[in-house]
Amino acid sequence: MKVIRLFALVSLIASSVFLDSCCTKEYCIGADDMDQIQFYNFTDNELDTVVVRRFNKNTGFARAIDSAISVTPNFYSTADFKVVRLVNKLTVDFDYQIVMSGTGMVFAISDFVVTRKSCNTGFMCNDSFNALESYKLNGQPGGSTSLSIRK
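Calculation notes
Residues numbered from 1 in each chain as written. Predicted model: local features only at pLDDT ≥ 70, side-chain atom pairs only at ≥ 80, totals over all residues. Heavy atoms only, no water. Helix = DSSP H or I, 4+ residues; strand = E, 2+ residues; numbered from the N terminus. Buried < 20%, exposed > 50% of the residue type's maximum accessible area, 1.4 Å probe, protein only. Areas by Shrake-Rupley, 256 points an atom, 1.4 Å probe, with all protein chains shown as cover. Pairing = 2+ DSSP bridges. Salt bridge = Lys/Arg side-chain N within 4 Å of Asp/Glu carboxyl O. Contact = heavy atoms within 4.5 Å. Core = buried A, V, L, I, M, F, W, Y, C linked by side-chain atoms within 4.5 Å.

1. Observations regarding the overall build of the chain
For the chain, the helix and strand inventory stands at 1 helix and 10 strands. Listing every helix and strand of the chain by position from the N terminus yields α-β-β-β-β-β-β-β-β-β-β. Within the chain, the proportion of its 151 residues that are buried is 34%. Summed over its atoms, the accessible surface of the chain is roughly 9,500 Å², and 54% of this surface lies on carbon and sulfur atoms.

What follows is the structure, given as structure tokens:
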């Protein structure tokens, strides 16, 4: 009986180590994670207050459902762009207007294209996520994989 229990314990430990070594367990960022926007060539003053207006899809931005204000005195900056964290995550189920309160500039984001992709694949591991493939910015093809606005 002791031999069977020992064998079961060794098998459990071995399978746990084996499975953990095959799966990467990384978080795959996609369309369900749109909680920030990268702004290229904007000044700090232009980004101090960003309003996000939400609209029903394909309504031509006729009537806003709601809006959220991101006051951003401290935002994340890199050499190339500034990142504004949004109050609410954006979803592909709606269209949006991004309004720069200080300047009156308005950017329309719509027509999200999303595909289901594999992530964390390995032996007995196969997660998937909603990858953001593209979207339109002011009616023109926009970036992909993350939201970005260029001035």
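There's more to say after this.
2. Regarding the sheet that holds strand 8 (residues 125-137)
Within the open sheet, the 6 strands sit side by side as 3-2-6-7-8-9. Their pairing is antiparallel. Every interior strand has two partners, whereas the edge strands, strand 3 (66-71) and strand 9 (140-141), have only one. Of the strand pairs in this sheet, strand 2 (residues 49-56) and strand 6 (residues 94-100) are connected by 7 bridges, and their pairing is antiparallel. Across the sheet, residue F55 finds its bridge partner in strand 6, namely D95.

3. Section: unusual backbone geometry
Unusually for a residue other than glycine, N58 sits at a positive phi of about 55 degrees. With respect to the element layout, N58 can be found in the loop between strand 2 and strand 3. A positive phi angle, near 50 degrees, is found at D111, a position not held by glycine. On the basis of relative accessible area, D111 is assigned to the partly exposed category, the value being 32%.

4. Quick notes on the pairing of strand 2
One ladder, built from 6 bridges, connects strand 2 with strand 3; its direction is antiparallel. Pairing of R53 across the sheet is with S67, part of strand 3.

5. What about the sheet that holds strand 10 (residues 148-150)?
With mixed pairing, the 4 strands of this open sheet are ordered in space as 4-5-1-10. The sheet terminates laterally at strand 4 (76-77) and strand 10, the two strands that pair on one side only. As judged from the 3 bridges shared by strand 1 (residues 34-40) and strand 10, these two strands associate in the parallel manner. What sits directly across from F39, in strand 10, is I149.

6. A look at the pattern of salt bridges
In a structure, side chains of opposite charge can pair up when their charged atoms sit close to one another. Scanning all chains against the criterion turns up 6 salt bridges. With a shortest N-O distance of 3.1 Å, R85 and D35 are connected by a salt bridge. Of the two residues, R85 sits in strand 5 (residues 81-90) while D35 sits in strand 1, which places them 50 residues apart along the sequence. Judged by relative accessible area, R85 falls into the exposed class, the value being 52%.

7. What to know about the environment of T115
Checked against the element boundaries, T115 lands in strand 7 (residues 106-122). Sequence separation between T115 and S134 is 19 residues; the distance between their C-alpha atoms is 9.8 Å. In this structure, T115 is in contact with F129, N130, A131 and E133, ignoring residues within four places of it in sequence.

8. Examining the nonpolar core
In this structure, F39, I98, M100, I109, F112, L147 and I149 are the most contacted members of the largest nonpolar core, which totals 24 residues. Within the residue set of this core, elements represented by two or more residues are strand 1, strand 2, strand 5, strand 6, strand 7 and strand 8. Examining the composition of this core, we find that 4 residues originate from one element, strand 6, more than from any other.

Spatial relationships are all this shows, so hold off on functional conclusions.
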